[in-house]
Amino acid sequence: MRRGFVLLAVLWILVAADAIAIGLTLLSNRATRVAIDRNEIERAAWQADGCAERARAVVGMVLDHRNSDSPHLGYSWTTLDSAVMSLDAGADSECTVALRPEGTTIDVNTADRETLQRLFVALGAMEPQADSIADAILDWRDADDSSRLDGAERAWYRAHDRPDPRNGPFAAAAELRRVRGLDSVSGLDSVLGVDPARVLIDRAPLPVLRALPGFGAEAALRVASYRLTVGHVPDLATLTSSLSPPAHDSLLAHYAQVAAMTTNEPDAWILTARSSAGRPPVTFVLELVLRRDGARAAIVRRRSWLE
């Protein structure tokens, strides 16, 4: 009897020892995996930073006109994206670079109800739907829990098992997908953003221009025509004078407001570098906002994240 008890105790000890060994192995593997992940993230970050610096070097050469033999003389502040892409500044099998101007979207954190309504009507929504979307966006970003007439606040989201509204500014355009009525709408990041920049008439999508006060369908079509035939849009005064009397009067009535909200040159450029490392790959994204400072482009904001 005693011998059987001893044997059973030994077996239990062996089982416990095996369990401890397995646990230690798992902990060791996990620690190793964490160390590998950190190394891969660090490698991807260095690669993205290197690509961004090469692109910034091209930007610097475009803005520095002292060298008359420079291949960058055909470019300017308004065509930095073409300069960087044509010269393959960020060419790398493990890294990609994108450069886009600020001002191609409406700032969702400062847009009023009328601007949001005009935008969604221009995107094809019927007026009641545009009203509902505008109110839902405003309810999401305001500080209270009182719903607007066609909006939605915390009670609605909880009743539908959805995340609570932020009750503060949107952190990114991707957050719009959490707003009631926008979860299945594609392409929102092409017309709505979180950068408080003036609208770039030369580059902004036509629905973004249609969201401006007094900027009707005819004015937007005239912009499209200028882009196609001339390659750029002239100043706002020339654009206004080229319209029919009704469209001219509509834009002229809001001329001072539209002039303050728009620009023909980018206020800043957003440089994004993406790099991946490891298997499965870890993707590191570096985003720099570049603002012109004489013959160079200064970094005024730096953000990074993992995808």
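Residues numbered from 1 in each chain as written. Predicted model: local features only at pLDDT ≥ 70, side-chain atom pairs only at ≥ 80, totals over all residues. Heavy atoms only, no water.

## Quick look at helix 4 (residues 127-141)
Between its first and last C-alpha atoms helix 4 spans 21 Å; for 15 residues at 1.5 Å apiece the expected length is 21 Å, and the two agree. Of the residues making up helix 4, those classed as buried are A130, I133, A134, D135, A136, I137, L138, D139, W140 and R141. Tucked inside the fold, the buried residues of helix 4 contact helix 3 (113-122) and helix 5 (154-159). (Helix = DSSP H or I, 4+ residues; strand = E, 2+ residues; numbered from the N terminus. Expected span 1.5 Å × (residues − 1). Buried < 20%, exposed > 50% of the residue type's maximum accessible area, 1.4 Å probe, protein only. Contact = heavy atoms within 4.5 Å.)

## Topic: the nonpolar core
Grouped together as the largest cluster of nonpolar side chains are 42 residues, with contacts concentrated most on F120, I137, L176, V179, L182, L192 and F215. Of all the secondary-structure elements, those providing two or more residues to this core are helix 3, helix 4, helix 6 (206-210), helix 7 (217-229), helix 8 (236-241) and helix 9 (245-253). In terms of residues, this core owes the most to one element, helix 4, which gives seven residues. Sequence-distant contacts of F215, defined by excluding residues within four places in its chain, comprise L209, R210, A220, V223, L239, L251 and V258. Core analysis: the second largest hydrophobic core is formed by 25 residues, A52, L80, A83 and A273 among them. (Core = buried A, V, L, I, M, F, W, Y, C linked by side-chain atoms within 4.5 Å.)

## With respect to the packing of helix 3 against helix 4
Where helix 3 contacts helix 4, the two axes come as close as 8 Å, and the packing angle between them is 135°. Judged on the interaxial angle alone, helix 4 and helix 3 are oblique. The two elements helix 3 and helix 4 cross, and the hand of that crossing is right-handed. Residues R113, L116, Q117, F120 and V121 of helix 3 form the contact with helix 4, whose participating residues are E127, A130, D131, I133, A134, D135, I137 and L138. For the contact of helix 3 with helix 4, a count of residues per class yields eight nonpolar, one polar and four charged. (Axes fitted to C-alpha atoms, helices over the stretch in contact; angles between N-to-C directions. Parallel < 35°, antiparallel > 145°, perpendicular 65-115°, else oblique. Left-handed = near helix turned anticlockwise from the far one by under 90°. Nonpolar A, V, L, I, M, F, W, Y, C, P; charged D, E, K, R; others polar.)

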